[in-house]
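The lines below spell out each chain.
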Amino acid sequence: MIKFIAKRLGSGLVVLFVVSALTFTLLYTSSGSIARNILGDQATPEQVALKEQELGLDQPLVTRYFAWLGDAVSGNLGASWFTSEPVANSLATRIPVTMTMVFTAMILIAICAALIGVAAAVKRGWVDRVVQIGAIVGDSIPGYVIGVFLVTILAIQLGLFPATSTISPEVGPEAWVYSMTLPVIALLINGVTGGAQQIRSAVIKQLERDYVRTLRSRGIGEREILFKHVLRSAAPAGLTVLSLQLIGMLGGVVIIEQIFALPGMGPLAVTATGQSDLPVVMGVVMYTVVVVIVVNLLVDILNGWLNPKVRVS
Amino acid sequence: MSDSIDTAAVAAPVPTGQSGTVVRSTVMRRLLRNPLGIASLVILGSIALLAIFAPVLAPFEENFANITKTLAPADSVNILGTDSAGRDTWSRLLFGAQLTLLSALLCAGVAIAIGLPAGLIAGYYAGKFEAVSNWVVSILMSLPGLIVLLTIRAAFGPSVWISMIAFGVLISPSYFRLTRTAVQSVRNELYVDAARVSGLSDLSIIARHIFSVVRAPIIIQTAAIAGVAIAIQSGLEFLGLGDPTKATWGVMLSEGFKNVYMTPTLLLWPALAMALTIGGLVLLGNAIRDALEDGEKIKHRKKKTVPAESTTADPAKAGQSRKSVAAVEVGTEHHLIKVTNLGVGYPQADGSVKKVVDDVSFHVDRGEILGIVGESGSGKSQTAFSILGLLPDNARIVGGSIQFDGNYTVAPGDDRVSQERLSKLRGKRISYIPQEPMSNLDPAFTIGYQLVTPMVRVLGISKAEARKRALKLLTDVGIVNPERTFEAYPHEVSGGMAQRVLIAGAISCEPDLVIADEPTTALDVTVQADVLDLLRELQQRLNIGVILVTHNFGVVADLCDRVAVMQNGRLVEEGTVRDILRNPKEQYTQTLLGSMLEGKTPMTMLVSRPGSAAQKEPVA
């Protein structure tokens, strides 16, 4: 098992390296004159040259990448070109906000999607039809459109919730939960509808397996077959569904945070993108890839625990 | 939103080798018969028309601003009102449709252009290319779409086209995986081999045989991807990172959200346009999938009934024989299992019931082996599963009764098998040996666990006691190292060993009746003989009744006391093995027997696995 984890961790680091190199190359070769961008059109060529030297842009790309990589390994991701705030600091204050939201939504999605999906697979009938229709509706309306309407109707028109949220520990847990409700709902609706449908399919697929019939023929009860055998076999598929949703949510949360004016990764990423603030953009990409790698690693470990075949090979 | 990108890839229908052979026109017809299919086509068609004729239909230029008339409500000039810059909402909606649809097409086009050829090559040639592309795919799949698009935006500036090309690249793995899986499933099909042998080039094989298989799944996938592309592109514009000179639904949504306190209706139109378009695409994808799946089902059913139809050349005779068999069987004497005039059917979509078992009667006593013989689709397995109460959920008992040891498990008039009564019998008094050893053991549990648990549940003995008995059973079924097999997972043992384990499981609770459904079909020839010997030995020692479902007269001759011949859901002949083999009365039985005699031309139509039948010694 330890060997298995080490192997997965190793391949994760390779991915991290490849993605960072590609992103760095893409960002620093395509965005035109970066120094002129920062200084504006009035800057003289001398000023631009000076700025380029200051940012190290006169160095060859490979040198710059490895300088960045060396710093990054020691925890220094550079500083914003516009606010001069160290990227690592911005990330450290914003990641907790975003991650709290993402993980709250994810836990709720996992619970709701699993309950609804399994119920639809076992009971069929009307539960199943509701899940099917829900999946179509959920697929048709992007999460941010749901967010926009939640704000408009529940917060602005009816005044039930705060339209914008600020999360700080001083506000107290009650106000915090209150302010998080709408953004989390906006984040999780698509996840629940899509997840429930896919978990349903995964469970039905297992229920139709030959060994389920054989277990029944041996006198094992329906409940034991479902909870001990079927759900265990359907779990890897369910985990994959949920992990893909979590990864997708890292993008979706950017827009949701913008809608609810939450001080998470979203506004940082959007501002940095608009200004071509490349060190910050690099930082955002690195954070995303690290989260993705950790999530995939966790899923691999859980699958290895659930499925003896994976564990052996 | 972007979460649906990745899920779209997961939800991609797994294509089977069959889907491509469905004639396109019938799919189209089925699509048009489905109300949701029509609705989606109408919605998408109207939006496409509005987009195409936007320059004609729109009363204003997309960016024409009447500064004196901002945030105006709907009137005769601006039928949906104006935005904060005094631009006409209806006109911008139309131009937005144009851009939105074009960008979705571009994205899907790029994704197909990359994913399809890569998937074809990886699936058809495998090797290094496949390994490398799988690695690239796993990276692309693990990147959240929106974050990548933000990076692209930071590098290249605002452009709908660049961001959609990038997203097309990012989402191309979903086509890649779809194509690769489809190609892998047909690569080794006989007809592809035949094409190769007949000297067709790889290119024309791919074009002719393989492309037809992936065509339909690709259309479904494209509908899903276009929807996701629209959602993510609009999301980017909603964030204010799109091209500000273009009217798009995302920009309009953002504009509406900024003025949500003044004119919330500005939000409604772009949101509605998006939901209608994406919803139309989702529905279209679903409808096409349903149309294809219906085709599959119909084909499958046809396949099953065809040989039966062609063999009932003489319906009068078949009816006559049925009567004679029934006359013998209907009686009042006590048997271990007694099946009387049993009928099993499946309700069809058009309200009719398709009978798969019709008017079948037989009985089995303790210490007796009854063989049920017939071709695939003759209803023999359905009969066996009705006795076990393990028919699929949609199956119905359409007639007759089943009595086990004098008690009804299916009383006359019941339309389903009584699970309440059977759950007390299953495992304890009636047990089951399946056909396919490997798929009938749960891969996640050890063999020992799967032997011990039923004994603990059914017999109420302790785990330690059950373990002792399980090891003894494993020895009894001829496993040399029972301890090791006990600890092993199913994937760690051979097929023959797994079948011995399943036999051990079937007799573990000392049943009175064992139903064996083709217990040797999936095994090697040498192992087949061993397993048959084992079955006979156990049956004699434990004095149990056995129903042996098989298509193989060799197995019947070897093992059975009596034999029932089934055809097309009906019992055509029943008697002692000696009588039936020496002196078959029915034409059908003669044909069935004749089909496996050496020196004759094999009638491949009647024997589903000519290989396994030919391996047996000639009978009679």
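Quick caveat, the model's predicted, so the values are computed rather than measured.

Rules used in this analysis
Residues numbered from 1 in each chain as written. Chains lettered and ligands numbered in written order. Predicted model: local features only at pLDDT ≥ 70, side-chain atom pairs only at ≥ 80, totals over all residues. Heavy atoms only, no water. Helix = DSSP H or I, 4+ residues; strand = E, 2+ residues; numbered from the N terminus. Contact = heavy atoms within 4.5 Å. Lys, Arg positive; Asp, Glu negative; His and termini not counted. Charge placed at Lys NZ, Arg CZ, Asp CG, Glu CD. Buried < 20%, exposed > 50% of the residue type's maximum accessible area, 1.4 Å probe, protein only. Axes fitted to C-alpha atoms, helices over the stretch in contact; angles between N-to-C directions. Parallel < 35°, antiparallel > 145°, perpendicular 65-115°, else oblique. Left-handed = near helix turned anticlockwise from the far one by under 90°. Nonpolar A, V, L, I, M, F, W, Y, C, P; charged D, E, K, R; others polar. Patch = residues over 30% accessible without salt bridge, like charges linked within 9 Å, V, L, I, M, F, W, Y side chains within 5 Å. Areas by Shrake-Rupley, 256 points an atom, 1.4 Å probe, with all protein chains shown as cover. Salt bridge = Lys/Arg side-chain N within 4 Å of Asp/Glu carboxyl O. Phe/Tyr/Trp six-rings, centres within 6.5 Å; stacked < 30°, edge-to-face > 60°. Core = buried A, V, L, I, M, F, W, Y, C linked by side-chain atoms within 4.5 Å. Pairing = 2+ DSSP bridges. Polar contact = N/O pair within 3.5 Å; in protein donor to acceptor, adjacent residues only side chain to side chain. Buried area = accessible area lost by both parts, 1.4 Å probe.

Caption draft 1: Local environment of the overall build of chain A. Assigned secondary structure in chain A consists of 13 helices and zero strands. Going from the N terminus to the C terminus, chain A shows its helices and strands as α-α-α-α-α-α-α-α-α-α-α-α-α. By its C-alpha atoms, chain A is 85 × 55 × 35 Å across when sized along the principal axes. For chain A, contacts bridging at least 24 residues in sequence account for 73% of all contacts bridging at least 6. Where the 21 positive side-chain charges of chain A centre and where its 18 negative ones centre are 21 Å apart.

Caption draft 2: View of the overall build of chain B. Looking only at helices and strands, chain B features 24 helices and ten strands. Here chain B holds 620 residues, and the buried ones make up 56% of them. For chain B, restricting intrachain contacts to residue pairs at least 6 apart in sequence, the fraction spanning at least 24 positions comes to 70%.

Caption draft 3: A look at the packing of helix α1 (residues 2–30) of chain A against helix α12 (residues 278–306) of chain A. Residue and element names in this part refer to chain A. Remark: α1 packs on α12, axes separated minimally by 10 Å, with the N-to-C direction vectors making an angle of 160 degrees. On the basis of the axis angle, α1 is roughly antiparallel to α12. As α1 packs across α12, the resulting crossing turns out to be right-handed. Of the residues contributing to the contact of α1 with α12, the split by class is 20 nonpolar, three polar and two charged.

Caption draft 4: Seen up close, a nonpolar patch on the surface. Residues and elements named next belong to chain B. Where nonpolar side chains cluster on the molecular surface, the patch consists of L49, L50, I52, F53, V56 and L57 and spans about 570 Å² of accessible area. For the nonpolar patch, the elements supplying multiple residues, two or more each, are α3 (35–52) and α4 (54–57). Mapped onto the fold, L49 is located in helix α3. Assessed through its relative accessible area of 48%, L49 is described here as partly exposed.

Caption draft 5: Structural detail: the packing of aromatic side chains. Residues and elements named next belong to chain B. The final tally for this structure, using the stated rule, is twelve aromatic pairs over all chains. Between Y124 and Y125 the ring centres are 5.1 Å apart and the planes differ by 90 degrees, which places this aromatic pair in the edge-to-face class. Summarising the aromatic geometry, the rings of F238 and F257 are spaced 6.0 Å apart at their centres and angled 45 degrees between planes, so their arrangement reads as tilted. One end of the pair, F238, is in helix α10 (residues 202–238); the other, F257, is in helix α11 (residues 249–258), and 19 residues separate them in sequence. For F238, a relative accessible area of 7% translates into the label buried. The exposure class assigned to F257 is buried, which follows from its relative accessible area of 17%.

Caption draft 6: Structural view of the nonpolar core. Counting residues in hydrophobic clusters, the biggest one holds 141 residues, and the most contacted among them are I259 of chain A together with F167 of chain B. Membership of the second largest hydrophobic core comes to 54 residues, among which are A498, A506, I507 and I544 of chain B.

Caption draft 7: Here's a closer look at the sheet that holds strand β2 (residues 353–364) of chain B. Residue and element names in this part refer to chain B. Pairing in this open sheet of four strands is antiparallel, and the strands run β2-β1-β4-β5 from one edge to the other. Bordering the open sheet on either side are β2 and β5 (407–410), each of which pairs with just one other strand. Shown here is a sheet whose adjacent strand axes are inclined to one another by a mean of 20 degrees, direction ignored. Of the strand pairs in this sheet, strand β1 (residues 337–347) and β2 are connected by eight bridges, and their pairing is antiparallel. By the bridge assignment for β2, L342 is matched with V360. In the packing of helix α14 (residues 380–388) onto the sheet, the strands contacted are β1, β2 and β4 (396–404), and the crossing angle to β1 comes to about 110 degrees.

Caption draft 8: Broad picture of the side chain of S142 of chain B. Note that S142 of chain B resides in the loop between α6 (127–141) and α7 (145–156). For S142 of chain B, the side chain forms a polar contact with the main-chain oxygen of I139 of chain B, separated by 2.8 Å.

Caption draft 9: Molecular detail of the environment of Y449 of chain B. Within the secondary structure, Y449 of chain B is located in helix α16 (residues 447–459). A sequence separation of 37 residues divides Y449 of chain B from F486 of chain B, and the C-alpha atoms of the two residues are 7.9 Å apart.

Caption draft 10: Summary view of the interface of chain A and chain B. In this assembly, 73 residues from chain A lie in contact with 71 residues from chain B. Between chain A and chain B the total buried area reaches about 6,000 Å² when both faces are included, carbon and sulfur atoms providing 71% of it. Taken together, the links from chain A to chain B amount to one salt bridge. Considering every element that reaches the side of chain A that touches chain B, the biggest residue donor is helix α10 (residues 222–259) of chain A, with 18 residues.

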